[in-house]
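A structural walkthrough
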Amino acid sequence: MEKLFWTIGETAEILGENVSLVRYWSTWFSSILKPSRTSRGNRLYTADDIDTLKQIHYLVKVKGLSLDGARQQLLSDRAKVSKRVKALDSLKTVREQLMEIKKSL
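As the structure is a computational prediction, the values presented were derived from the model and not from experiment.

Judged by pairing direction, the sheet is antiparallel, and its three strands sit side by side in the order β1-β3-β2 without closing on themselves. Pairing within the sheet leaves two strands with one partner each, and these edge strands are β1 (6–7) and β2 (36–37). With two bridges joining them, β2 and strand β3 (residues 43–45) adopt antiparallel strand pairing. Considered in β3, the bridge of R37 is made with R43.

As structure tokens, this is what we get:
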């Protein structure tokens, strides 16, 4: 059974970034990203939120866009960005599998 919500710490770990950066991106991209909140005010991220954060990570960290540029890219052509991020995730998974096979030889 897959989880429905991830904490900000778990989300940061998935992205390979620190919690403060995820918190900052959540604030900066508030028009695109809307994490749920607990009664204590803690952010809870859904799978869609994590996909959006992966897209932001790709645009900012990999492509080197500014935060404004990343926001404009997401608002204008989100499907294209989503396809690229999913392709990169697939390639990372294949690479990890190949490394495991190499270790077992």
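From this point, the discussion proceeds with the structure in view.
Attention now goes to helix α2 (residues 19–28). Taken as a whole, α2 has its buried residues at L21, V22, W25 and S26. Taken end-on, α2 shows its buried residues confined to a sector of 140 degrees, consistent with a single buried face. Contacts from the buried residues of α2 go to α1 (8–15), β3, α3 (47–62) and α4 (67–76).

This paragraph deals with the confidence of the model for the protein. This prediction gives the protein a mean pLDDT of 92; 99% of its residues lie at or above 70. Within the protein, the element-level pLDDT minimum falls on helix α5 (residues 78–104), averaging 90, and the maximum on α2, averaging 96.

Here is what the cut-offs are and how they apply
Residue indices follow the written sequence of each chain, beginning from 1 at its first position. The predicted origin of the model limits local features to residues at a pLDDT of at least 70 and limits the giving and counting of side-chain atom pairs to 80 or more, whereas totals for whole chains, interfaces and linings rest on all residues. As a rule here, side-chain values cover all heavy atoms of the structure and leave hydrogens and water aside. Between any two strands, pairing holds if DSSP finds at least two bridges. The way it works is that DSSP assigns letters per residue, a run of H or I at least four long becomes a helix, a run of E at least two long becomes a strand, and they are numbered from the N terminus. Classification of residues uses two cut-offs on accessible area relative to the type maximum, computed with a 1.4 Å probe and protein chains only: under 20% is buried, over 50% is exposed, and between them is partly exposed. For this quantity, the arc is that covered by the directions from the helix axis to the C-beta atoms. Any pair of residues with heavy atoms lying within 4.5 Å of one another is described as a contacting pair. pLDDT runs from 0 to 100 and stands for how confident the predictor is about each residue.

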